[in-house]
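Spelled out, the chains give:
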Amino acid sequence: MTTWKEKLEGQMPEDWAREIDIFENQMELRRQGKVEEKLFAETRLRRGAYGQRYDNGQRNDGTGTKPLAFPQGQSTKGPDTVWDAPGMQRIKIPFGGMNPEQMDVLADLAEEYSDGICHITTRQDIQLHYVHFEDTPPMLRRLAAVGITTREACGNSVRNVTACPLAGVCRDESFDVTPYANATMQFLLGHPDIQDFGRKFKIAFSGCRQHACGLVTMHDMGAIAVTREVDGKTVRGFELYVGGGLGAVPHEAVLYDDFVAEDEILPIAQAISRVFARLGEKRNRARARVKFLVKSLGIDEFKRLVEEERKTLPHDERWTAYIEELPAYGEKPLKDGSALNGAGRPEGFEQWYDTNVYKQRQEGYCVAAVTLPLGDITSYQMRALAEIARRYVGESVRTTVGQNVVLRWVREADLIELYQELDALGLSAPGAESIVDIVACPGTDTCKLGIASSRGLAAELRTRLAAKAVELDQAVRDMRIKISGCFNSCGQHHVSDLGFYGVSRNVGGYTVPHFQVVVGGKWVDNAGSYGLPIGAVPSKNIPDVVTCFTDAFLKEREGQESFQQYASRVGKKALKEKLGDLTKVPARDDDAWYYSDWGDPREFTIGDMGTGECAGEVVSLVEYDLSFAEELVFEAQLHLDDGQFEAAAEKSFKAMLQGAKALVKMQFLDVTDDPDHIVSEFRQRYYDTEVFFDRFAGGKFAQYLFRRHESKEGAGDAASARTLVEESSLFVEACHACSAKVQAQGTAREGDATSSVVTLEI
Amino acid sequence: MAHSVDNLQRIGVKFFLSEAPDPEKVIGVFHRWIQNGSVDGMLIDVADYSHVEQGPGVLLVGHEGNYAVDWTRNRPGVVYYRKQPLEGDLGERLRTVCETALQAAELLEDESDLGAGAKLRGDEVQIFANDRLLAPNDAGTQSAFQPALDGLLDRLFNGSSRQLCRDEDPKERFNMDVKAETGAAAAALRARLND
Ligand code: SF4
């Protein structure tokens, strides 16, 4: 029987084909138990084969946690990851660029090995879910045959290199960054200097400062195209930023150099990689991103080290070879440009044209955005879109960080026909890059770390907002909503007008899905500033939060201010007050609806749940204490907003102490207010015993408290104060999660001290 | 000479519905099926794609195969497609896949929550192959597949006359759409397969 390997022989780049053979051999060795599971997990991740929810072989079906009896038993492809359990395949699409042939193959793979859906991610990748691991090698071969590699799509490596989807056709760019993004990807792919990172490394390119497309400030390395006049000649280069990142504790990238000449961008990227590999944290994953290295060294020292490293690099032809070919580089339109004529316009066209069509700087051509709900496109649609691309634009298709697809170089005169073809496929939804076009990470649908259903919420909001999109005021339509299923920020909730990330709260002994509401983030200016949480709201009330804030914005708006400007003018305190009763959860007997998540009728759980007879009373004490801790975090945020960095730092430390104390009191009521006492009791009862440990993050959040307690560090500058506030917020969230876990396991009532809690409460 | 389609395992089938049920209700039904182990196979999770127009709808993801109430090309139907190998020759595998789909369709017809939406039309079925290597969408595959298909259709539609049609786009997966003169409810179709 012919295999894909035989069929595609000679069609794959030789080195890629060899790498896939090696990976297949490693799979066999792992099956035989000859490769250690942790090592194999990293090998698998570097091929883009990721874990997925329930791959530990168990799932709560709504009545309790049940084992999933996979046929190959408990044989694993990584720690706690069952071999047979379906996983996710991430496929790197450098700068989001795809051609129709690649789109056909992506569609085929989704159909044959996944669930018929290609999912576009917030970093221009494509993900396939529910993939059986044994299907990985043929998938990788079929991708390789059309020029796509999944190498280093996950794992501790250089991830997909992203770039503005409008690069090359944008009216505001300094120059087209596409060839630079592509060269960076090619140069660093599999490079020996990137093989020893402690964590992932993300790179983005942007053609200008003011727009959001590149999101440079939230990347480990971000480059903004700039030009300079030197000796009467225009010279290309990049304003280079390092140390940005969202994740649990977001950092805005700092300026490394205001002009790195184009021929230096690759060697500098290489030198940065070497410094990161050599000095970056390796053991503590939570502090291993380059942002922590930049912060601990300071940007000047970091830059000095990079420049020293640069001097030692042996010359590499590839640094500049592509630059010599740049004059010949450029996308060729398929047809001659011509303006939209007076032809009759079908129903829906005008609305779509208003939101989804961008006039290129090249006269007679447009970029047409295909809005994908939650970033999803079916195999059938993808294949048909490839066909449309062939006929209208040739090779010019890109994915976007807004989880859409754009067709570039569409002749204006073809727009009506194009719209009709998209419409027939269900791909003509208007509202690209508007409040309706919600970004969401996979959340509890498929992500192992998800707490709440980001996609369920996004689908609900999208349905509600789309129904009234036409009536929405333009100022509201221009807002952005981004949702993450947990604090890890894959949905980029920090950089939107309204951001939400999933948390949970214990109410009367039941776990209730909530979202933290994040306001004040800035999407423009390459994600110019990050929002901060103002309070947790039950998941089912989030649509009302959106209505409440958009209504208030319209009523109280001054002049032409944006929501972000409005939020910063009225302040987080006033916005938090508007939440009012929306933060409340009715008792389960009164309204059980709140106790399940959007799109999932199972009773909500973040693990196995149980309620002891006295749990309600114990809960009320700890929940009360934890809500006070939350209040302190909020006050810290207000200080931060007012530029009172020391006060913000002090308050955030107090919030952490209050959170720790709340937990300690569950076991030992007589804990004092002395920070040393609280920290030592917390360490002994919750850290050393690992009771506080998160299944994935381990003891990371406790380290925030310990470090702050040991160093007694003050705020210093705005960035440090902000980090302390973020850390305190996460620590308090972790206290909530720990308290829920402890109550569910009944461990709160172990020992004498706990019984005194119960007695006291009764 | 043997054709590669003889080795086909990733067989799928879609029985069309008279109208579309409410996806939100289907989600609830599928979760309940997992709790009760109502259909064959190891059931893992429910995936909701009802937000995608003309999409795969709501899936009940299993290890051996996926079930779905599917809206592809705006034509709602009950789908089952196999992901893991089955015993028997091609005809036998085709019969097993159809029977599994019909078992699910029968249960859906009985779900009072779904109302009339989940009633099978019973006169049209689509067979497809999620394997472009073993079953490219061409005339060669069709003629090699035909004997197994005829065997299935003779039983399923009790010898009633039928029309076969294939979307010949070579990029599409191999597919056969069959319309019979007379239809039947899911239970009756299933009983015929087991006769
Ligand atoms: S933000 Fe959290 S839930 Fe969402 S994909 Fe990232 S880790 Fe998963």
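It should be emphasised that the depicted structure is a prediction, and the values quoted were computed from it without experimental measurement.

## Examining the overall build of chain A
- Looking only at helices and strands, chain A has 24 helices and 26 strands in total.
- Expected size for 762 residues packed as a compact globule is a radius of gyration near 27 Å; at 26 Å, chain A falls within 12% of this value.
- Taken over 762 residues, chain A has a buried fraction of 62%.
- A separation of at least 24 residues holds for 70% of the contacts in chain A among residues at least 6 apart in sequence.
- In the form shown here, chain A has an accessible surface area of approximately 28300 Å², with 49% of it arising from carbon and sulfur atoms.

## So, the overall build of chain B
- When you go through chain B residue by residue, the secondary structure sums to 4 helices and 8 strands.
- Counting helices and strands in the order they occur from the N terminus, chain B gives β-α-β-β-β-β-α-β-α-β-β-α.
- Its C-alpha atoms give chain B a radius of gyration of 16 Å, within 12% of the compact-globule value 16 Å for 195 residues.
- Taking all contacts inside chain B whose residues are at least 6 apart in sequence as the whole, residues at least 24 apart take part in 66%.
- Accessible surface for chain B amounts to roughly 7400 Å². Of this, 44% is attributable to carbon and sulfur atoms.
- Positive and negative side-chain charges of chain B, numbering 21 and 32 respectively, have mean locations separated by a distance of 2 Å.

## Regarding the pattern of salt bridges
- Taken as a whole and judged by the stated rule, the model has 79 salt bridges over all chains.
- Among the ionic pairs, B:R132 bridges to A:E112, the shortest N-O distance being 2.7 Å. Linking B:R132 in the loop between β6 (120–129) and α3 (139–156) with A:E112 in helix α4 (residues 100–113), this pair reaches from one chain into another. By the burial criterion, B:R132 is buried, and A:E112 matches it.
- Through salt bridges with shared partners, a single ionic network connects A:D108, A:E111, A:E112, A:R142, A:R383, B:R73, B:R132, B:D167, B:E172 and B:R173.

## Some words on the nonpolar core
- By size, the foremost hydrophobic cluster in this structure holds 65 residues, and its most contacted members are A:L407 and A:L418.
- Each of domain 1 (4–144) and domain 3 (349–424) of chain A accounts for three or more of the residues forming this core.
- With sequence-adjacent residues up to four places away left out, A:L407 is seen in contact with A:C366, A:V367, A:A368, A:V370, A:L385, A:I388, A:A389, A:V393, A:S396, A:V397 and A:L418.
- Membership of the second largest hydrophobic core comes to 54 residues, among which are B:W71, B:Y80, B:A118 and B:V178.

## Things to note about the pairing of strand β22 (residues 498–507) of chain A
Residue and element names in this part refer to chain A.
- Buried residues dominate β22, accounting for 9 of its 10 residues.
- Bridge analysis of strand β21 (residues 481–484) against β22 gives 4 bridges, and the strand direction is parallel. Its bridge partner being in β22, K482 is matched across the sheet by G499.
- As consecutive antiparallel partners, β22 and strand β23 (residues 510–519) are separated by 2 residues, and within that stretch G508 has a phi angle of approximately 55 degrees, a positive value.

## Comments concerning the site of the ligand
- Taken together, A:C441, A:P442, A:G443, A:C447, A:L449, A:G450, A:S484, A:G485, A:C486, A:N488, A:S489 and A:C490 make up the full set of residues adjacent to the ligand.
- The residue inventory of the shell around the ligand, partitioned by class, reads 6 nonpolar, 6 polar and no charged.

## Brief notes about the packing of aromatic side chains
- For the structure on display, the rule yields 36 aromatic pairs over all chains.
- Each member of the aromatic cluster is reached from another via a ring pair, and the members are A:F682, A:Y686, A:Y687, A:F692, A:F693, A:F706 and A:F731.
- Positioned above the aromatic ring of B:F128 is the side chain of B:R173, whose terminal nitrogen or guanidinium carbon lies 3.9 Å from the ring centre.

## Focus on the interface of chain A and chain B
- Listed as interface residues are 46 residues of chain A and, on the opposing side, 35 residues of chain B.
- Together chain A and chain B conceal approximately 3400 Å² of surface at their shared face, both sides included; 56% is due to carbon and sulfur atoms.
- Put simply, chain A and chain B have 9 salt bridges between them.
- Across the salt bridge formed by B:R173 and A:E111, the nearest N and O atoms sit 3.8 Å from each other.
- For the pair chain A and chain B, the interface holds 15 residue pairs in polar contact (both at pLDDT 80 or more).
- Those elements giving two or more residues to the side of chain A that touches chain B turn out to be α1 (4–7), α4, β17 (376–378), α12 (379–392) and β26 (600–603) of chain A.
- Here the residues of the side of chain A that touches chain B sort into 17 nonpolar, 10 polar and 19 charged.

## Notes on the environment of A:A734
All names here are of chain A.
- When you line up the elements, A734 lands in helix α23 (residues 718–745).
- Along the primary structure A734 and A660 are separated by 74 residues, whereas in three dimensions their C-alpha atoms are 9.9 Å apart.
- The residues contacting A734, other than those within four sequence positions of it, are F692 and F701.

## Structural notes on the sheet that holds strand β6 (residues 87–91) of chain A
Residues and elements named next belong to chain A.
- Here we have 5 strands laid out as an open sheet, ordered β1-β6-β9-β8-β17, and antiparallel in their pairing. Taken across any chain shown, the strands that pair with only one partner, and hence form the sheet edges, are β1 (49–50) and β17.
- Relative to β17, strand β8 (residues 117–120) runs antiparallel, the two sharing 3 bridges. The partner of C118 across the bridge, within β17, is I377.

## Considering the sheet that holds strand β12 (residues 221–230) of chain A
Residue and element names in this part refer to chain A.
- Taking strand neighbours across the sheet as the criterion, the 5 strands line up as β10-β11-β12-β13-β14 in an open arrangement whose pairing is mixed. Of all the strands in the sheet, just β10 (158–163) and β14 (254–261) have a single pairing partner and so form its edges. Averaged over all neighbouring strand pairs, the angle between strand axes comes to 25 degrees, with direction disregarded.
- One ladder, built from 4 bridges, connects strand β11 (residues 201–206) with β12; its direction is parallel. Residue pairing for β12: I203 is matched across the bridge by M221.
- Helix α9 (residues 299–312) contacts β13 (233–242) and β14 of the sheet and is inclined by roughly 35 degrees relative to β14.

## Description of helix α18 (residues 563–579) of chain A
All names here are of chain A.
- Helix length check: α18, at 17 residues, gives a terminal C-alpha distance of 16 Å against a target of 24 Å (1.5 Å per residue), a shortfall beyond 12%.
- Along α18, the sharpest change in direction is near 95 degrees and occurs at G571.
- Two residues or fewer after α18 comes G580, characterised by a positive phi angle close to 40 degrees.

## Structural notes on empty space enclosed by the protein
- One pass over the full model with this rule turns up 9 cavities of 30 Å³ or more.
- Empty space within the largest cavity amounts to approximately 330 Å³.
- As for the largest cavity, its lining consists of 27 residues, and the residues nearest its centre are A:D445, A:R455, B:V46, B:A47 and B:D48.
- Of all the secondary structure elements, the ones that give two or more residues to the lining of the largest cavity are β8, β9 (126–131), α14 (454–467) and β26 of chain A together with α1 (23–36) and β2 (43–49) of chain B.
- No other element matches the 5 residues that β2(B) contributes to the lining of the largest cavity.
- Counted by class, the lining of the largest cavity contains 11 nonpolar, 9 polar and 7 charged residues.
- Counting contributing residues per domain, the lining of the largest cavity is built from domain 1 (4–144) and domain 4 (434–605) of chain A, each supplying no fewer than three.

## Quick look at the domain arrangement of chain A
Residue and element names in this part refer to chain A.
- Assigned domains of chain A: these are domain 1 (4–144), domain 2 (169–328), domain 3 (349–424), domain 4 (434–605) and domain 5 (607–762).
- Taken together, the contact pairs 25 residues of domain 4 with 24 residues of domain 5.
- Approximately 2100 Å² of surface area, both sides summed, lies buried where domain 4 meets domain 5, with 57% of it carried by carbon and sulfur atoms.
- The three residues of domain 4 that bury the most area against domain 5 are F487, N506 and L532, which together make up 27% of that side's buried surface.
- Taken together, domain 4 and domain 5 are joined by 3 salt bridges.
- For K572, the salt bridge goes to D641, with nearest N and O atoms at 2.8 Å.
- Across the contact surface, domain 4 and domain 5 share 8 residue pairs in polar contact (both at pLDDT 80 or more).
- When contributions to the side of domain 4 that touches domain 5 are tallied by element, the ones reaching two or more residues are β22, β23, β24 (532–538) and α18.
- A per-element tally of the side of domain 4 that touches domain 5 places β22 first, with 5 residues.
- Here the side of domain 4 that touches domain 5 is composed, by residue class, of 11 nonpolar, 8 polar and 6 charged.

Calculation criteria
Residues numbered from 1 in each chain as written. Chains lettered and ligands numbered in written order. Predicted model: local features only at pLDDT ≥ 70, side-chain atom pairs only at ≥ 80, totals over all residues. Heavy atoms only, no water. Helix = DSSP H or I, 4+ residues; strand = E, 2+ residues; numbered from the N terminus. Rg over C-alpha atoms; globule rule 2.2 N^0.38 Å. Buried < 20%, exposed > 50% of the residue type's maximum accessible area, 1.4 Å probe, protein only. Contact = heavy atoms within 4.5 Å. Areas by Shrake-Rupley, 256 points an atom, 1.4 Å probe, with all protein chains shown as cover. Lys, Arg positive; Asp, Glu negative; His and termini not counted. Charge placed at Lys NZ, Arg CZ, Asp CG, Glu CD. Salt bridge = Lys/Arg side-chain N within 4 Å of Asp/Glu carboxyl O. Core = buried A, V, L, I, M, F, W, Y, C linked by side-chain atoms within 4.5 Å. Domains from an automatic or database assignment. Pairing = 2+ DSSP bridges. Near = heavy atom within 4 Å. Nonpolar A, V, L, I, M, F, W, Y, C, P; charged D, E, K, R; others polar. Phe/Tyr/Trp six-rings, centres within 6.5 Å; stacked < 30°, edge-to-face > 60°. Lys NZ or Arg CZ within 6 Å of the ring centre and 35° of its normal. Buried area = accessible area lost by both parts, 1.4 Å probe. Polar contact = N/O pair within 3.5 Å; in protein donor to acceptor, adjacent residues only side chain to side chain. Axes fitted to C-alpha atoms, helices over the stretch in contact; angles between N-to-C directions. Expected span 1.5 Å × (residues − 1). Bend = angle between axes of the 7 residues up to and from the residue. 1 Å grid on protein atoms, 1.4 Å probe; cavity = no way out; pocket = protein on both sides within 12 Å on 5 of 7 lines; lining within 4 Å. Points joined across faces, edges and corners; volume = space filled by probe spheres on them.

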